[in-house]
Amino acid sequence: MRTAYSVETVRAAERELMARLPEGALMQRAAAGLAAACADLLGRVYGRRVVLLVGSGDNGGDALYAGARLARRGAGVTAVLLAPGRTHPRGLAALLRAGGTSAAPSAAEPLLRRADLVLDGIVGIGGKGGLRPEAARLAGLADASRAAVVAVDLPSGVEADTGEVLGAAVRADLTVTFGTHKPGLLIEPARGYAGSVRLVDIGLDLPEPADLEALQHTDVAARLPFPGAESDKYRRGVVGIAAGSARYPGAAVLAVAGALRGGAGAVRYVGPAADAVIARFPETLVSDTGPSKAGRVQAWVVGPGAGDDASAVAEVLDADVPVLVDADGLRLADREAVRARTAPTLMTPHAGEAAALLGVAREAVEEARLASVRELAGLYGATVLLKGATTLVAGPTGGAVRVNATGTAWLATAGSGDVLSGLAGSLLASGLSALDAGSVAAYLHGLAGRFAADGAPAGAHDVAAAIPEAWRDTLT
């Protein structure tokens, strides 16, 4: 599992490690890994032009020491010093001894225009509030150059703990981060500035739990439900789907499509779209009563395409089984009824729905996704899956937030969220916790989106059909 830690936790771990190492040893470890990553990206080091953008902190020191290593291998290295009086003195001395040179920011434009590689050491993980004007200008010049851009630990201008981007920021092709991932490397919008991310182990001893977790194939495979020799459809779990309306029957069909491929033994549908559901999926158990009289289920999904049917939402919330609330159900669900539930609740809003629940503008959620998902989980006492380019899943009592980035932009299509709801609900019925059901469903749904699209447009029904392929892929 990939993990990410806050700046405060990383700083504490660094201090503890530095107390046990010779002075400067930790920076040398970081610089060695950074230089190796730059050399790999360049392919050939000798004769290449490298420009270092150097701020006043240890981040700039890492860049200077890495630049010295590249200079000793024959690269032409120039350090652009944003704060000459506060530049890391030993790092600068090492660069100059290796044959590198320094320059003022006023000389940066022609240097960057000719560079093969730009190393961003302007601001480290402690940077707050966006870049100052001179640094912002250099970030823009680096972006306009034809050089490969490598960020030291984190692209300058992004917020390490939150993933927010306040104004101009460096856009990296590669970010070389030390010790652990930082939340901003995994969360949009900052993630879009990081490029590929390479983690260099510098020996940090980090606590549990992490601030963020990102499941990998093996983590998903370990959580997938599989039937045993004695399993029958009821032991595998029955998921109830209360969705659809006369206006939106397709939402019910797509939610059932996701649920049928999510590991539960049976899917029970309740709602006005029964004919459409049975026509497409005759294996569905259909009831013409309300949710409270539909029969045994181990979890409910309510809300996709429900229109204004508040009674079905209220009945489902009153059930003593795990419940997933999506789409119209989010608008119709009474907050206190959700908070009063003793069984797990999983809410799955997109940014616009989350903004409505929080009473803020959509832009406020998109700019601060981590803070928003945590706030919403606390407000409702529920697990919240915030959909987006990187999906976030937060529990109601804190702990690590799960982050998922397996998706594709082609998943931004009508009905895709309905498939996700059914899939996650089926995993809930199979016995997964709300946190695991949400994060595993997001992972599989993202993979299925990639497989279904394969570089071309795909519909939500294609995504549902590709879930078994995604499931099998995690097992290989």
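If you're wondering where the values come from, they're calculated on a predicted model, not measured in any experiment. (Residues numbered from 1 in each chain as written. Predicted model: local features only at pLDDT ≥ 70, side-chain atom pairs only at ≥ 80, totals over all residues. Heavy atoms only, no water.)

With respect to the sheet that holds strand S6 (residues 148-152)
Heads up, the condition is: By the convention used here, strands pair only if DSSP detects at least 2 bridges between them. Numbering of helices and strands starts at the N terminus; helices are DSSP runs of H or I of at least 4 residues and strands are runs of E of at least 2. With axes taken as lines fitted to C-alpha atoms, and helix axes fitted only over the stretch in contact, angles between N-to-C directions fall between 0 and 180 degrees. Any two residues whose heavy atoms approach within 4.5 Å at even a single point are treated as in contact.
The parallel open sheet is built from seven strands, whose spatial order is S4-S3-S2-S5-S6-S7-S8. Strand pairing shows two members of the sheet lacking a second neighbour, strand S4 (101-103) and strand S8 (196-200), which therefore form its edges. Taken pair by pair, the neighbouring strands of this sheet meet at an average axis angle of 20 degrees, ignoring direction. Relative to strand S3 (residues 76-81), strand S2 (residues 49-54) runs parallel, the two being bridged by six bridges. Within S3, the residue paired with Leu 52 across the bridge is Ala 79. Those strands touched by helix H2 (residues 25-42) are S2, strand S5 (117-121), S6, strand S7 (174-178) and S8, and its axis lies near 160 degrees from that of S7. Across the sheet, helix H4 (residues 89-97) is in contact with S2, S3 and S4; its angle to S4 comes to roughly 120 degrees.

Regarding the side chain of Thr 78
Examined against the element boundaries, Thr 78 turns out to sit in strand S3. The residues touching Thr 78, leaving out its near neighbours within four places in the chain, are Val 50, Val 51, Leu 52, Thr 101, Ser 102, Ala 103 and Leu 111.

Looking at unusual backbone geometry
Note that the residue after Glu 188, namely Pro 189, is joined by a cis bond; omega there is 5 degrees. The omega angle of the peptide bond from Glu 208 to Pro 209 is -5 degrees, so this bond is cis rather than trans. Note on placement: Pro 209 falls in the loop between S8 and strand S9 (212-214). One non-glycine residue, Ala 327, lies in positive phi territory at about 50 degrees. Even without being a glycine, Asp 454 presents a positive backbone phi close to 50 degrees.

Examining the side chain of Thr 180
Selection criterion: With a 1.4 Å probe rolled over the protein chains alone, any residue whose accessible area is under 20% of its type maximum counts as buried; one over 50% counts as exposed, and the rest are partly exposed.
Mapped onto the secondary structure, Thr 180 falls in the loop between S7 and helix H7 (191-194). You can call Thr 180 buried: its relative accessible area is 2%. Among residues more than four places away in sequence, those in contact with Thr 180 are Thr 3, Ala 4, Tyr 5, Val 10, Leu 199 and Leu 206.

Notes on the domain arrangement of the protein chain
Quick reminder of the rule: As used throughout, domain bounds are those supplied by an automatic or database domain assignment. Here the quantity called buried area is the accessible surface, traced with a 1.4 Å probe, that two parts lose on coming together, added over both. For salt bridges, the criterion is a side-chain nitrogen of Lys or Arg within 4 Å of an Asp or Glu carboxyl oxygen.
According to the domain assignment, the protein chain consists of domain 1 (2-210) and domain 2 (217-474). At the interface, nine residues of domain 1 touch 11 residues of domain 2. A combined buried area of about 790 Å² lies between domain 1 and domain 2, and 65% of that area is made up of carbon and sulfur atoms. When the buried surface of domain 1 facing domain 2 is broken down by residue, Leu 186, Ile 187 and Glu 188 rank first, second and third, together holding 46% of it. Between the two partners, domain 1 and domain 2, sit zero salt bridges.

Focus: the packing of helix H18 (residues 434-453) against helix H20 (residues 467-474)
A pair of packed helices can be characterised by two numbers: the angle between their axes and the separation between those axes. Under the convention used in this document: When an angle is under 35 degrees it counts as roughly parallel; over 145 it counts as roughly antiparallel; between 65 and 115 it counts as roughly perpendicular; any other value is oblique. Note on convention: near helix rotated counterclockwise from far helix by under a right angle means a left-handed crossing. Clockwise means right-handed. Just so you know the grouping, Ala, Val, Leu, Ile, Met, Phe, Trp, Tyr, Cys and Pro go in nonpolar, Asp, Glu, Lys and Arg go in charged, and all remaining residues, Gly too, go in polar.
Relative to each other, H18 and H20 sit at 115 degrees, their axes nearing to 8 Å. Considering the angle they form, H18 stands roughly perpendicular to H20. At the point where H18 passes H20, the crossing takes the right-handed sense. Between H18, through Tyr 443, Leu 444, Leu 447, Ala 448 and Phe 451, and H20, the contact on the second element is made entirely by Ile 467, Glu 469, Ala 470, Trp 471, Asp 473 and Thr 474. Here the contact of H18 with H20 is composed, by residue class, of eight nonpolar, one polar and two charged.

Brief notes about the packing of helix H14 (residues 351-358) against helix H16 (residues 369-380)
Running from N to C, H14 and H16 cross one another at 50 degrees; their axes reach a closest spacing of 11 Å. It follows from the interaxial angle that H14 and H16 lie oblique. The handedness of the crossing between H14 and H16 is left-handed. Note on element contacts: H16 touches H14 through Ser 372, Glu 375, Leu 376, Leu 379 and Tyr 380, opposite Ala 354, Leu 357 and Leu 358.

A word on the nonpolar core
Going by this rule: We define the nonpolar core as a collection of buried residues of types Ala, Val, Leu, Ile, Met, Phe, Trp, Tyr and Cys that are connected through side-chain atoms lying within 4.5 Å of one another.
Judged by nonpolar contacts, the single largest core of 55 residues is most densely connected at Leu 34, Leu 52 and Leu 119. Examining the composition of this core, we find that 10 residues originate from one element, H2, more than from any other. When residues no more than four places from it in sequence are discounted, the contact partners of Leu 119 are Leu 34, Cys 38, Val 51, Leu 52, Leu 53, Ala 63, Ala 66, Val 150 and Val 152.

Describing the packing of aromatic side chains
Quick reminder of the rule: The criterion for an aromatic pair is that two Phe, Tyr or Trp rings (for Trp, the six-membered ring) have centres within 6.5 Å, with stacked assigned to planes under 30 degrees apart, edge-to-face to planes over 60 apart and tilted to the rest.
Tallied over the full model, the rule gives one aromatic pair. Judged by centre distance (6.0 Å) and plane angle (80 degrees), the ring pair of Phe 226 and Trp 471 falls under edge-to-face. Of this pair, Phe 226 sits in the loop between helix H8 (217-223) and strand S10 (238-242) while Trp 471 sits in helix H20, and the two are 245 residues apart along the sequence. With relative accessibility at 52%, the residue Phe 226 sits in the exposed group.

A short note on the pattern of salt bridges
All chains considered together, the criterion is met by 16 salt bridges. Close ionic contact of Arg 11 with Glu 14 constitutes a salt bridge, the shortest N to O distance being 3.4 Å. Taken as a pair, Arg 11 and Glu 14 lie in helix H1 (residues 7-18) at a separation of three residues, close to a single helical turn. Its relative accessible area of 14% is what places Glu 14 among the buried residues. The residue Asp 326 makes a salt bridge to Lys 387 at a minimum N-O spacing of 3.2 Å. Highlighted residues: Asp 326 in the loop between strand S14 (323-325) and helix H12 (328-332) and Lys 387 in the loop between strand S16 (383-386) and strand S17 (391-394), separated in sequence by 61 residues. For the pair Asp 326 and Lys 387, one class covers both residues: buried.

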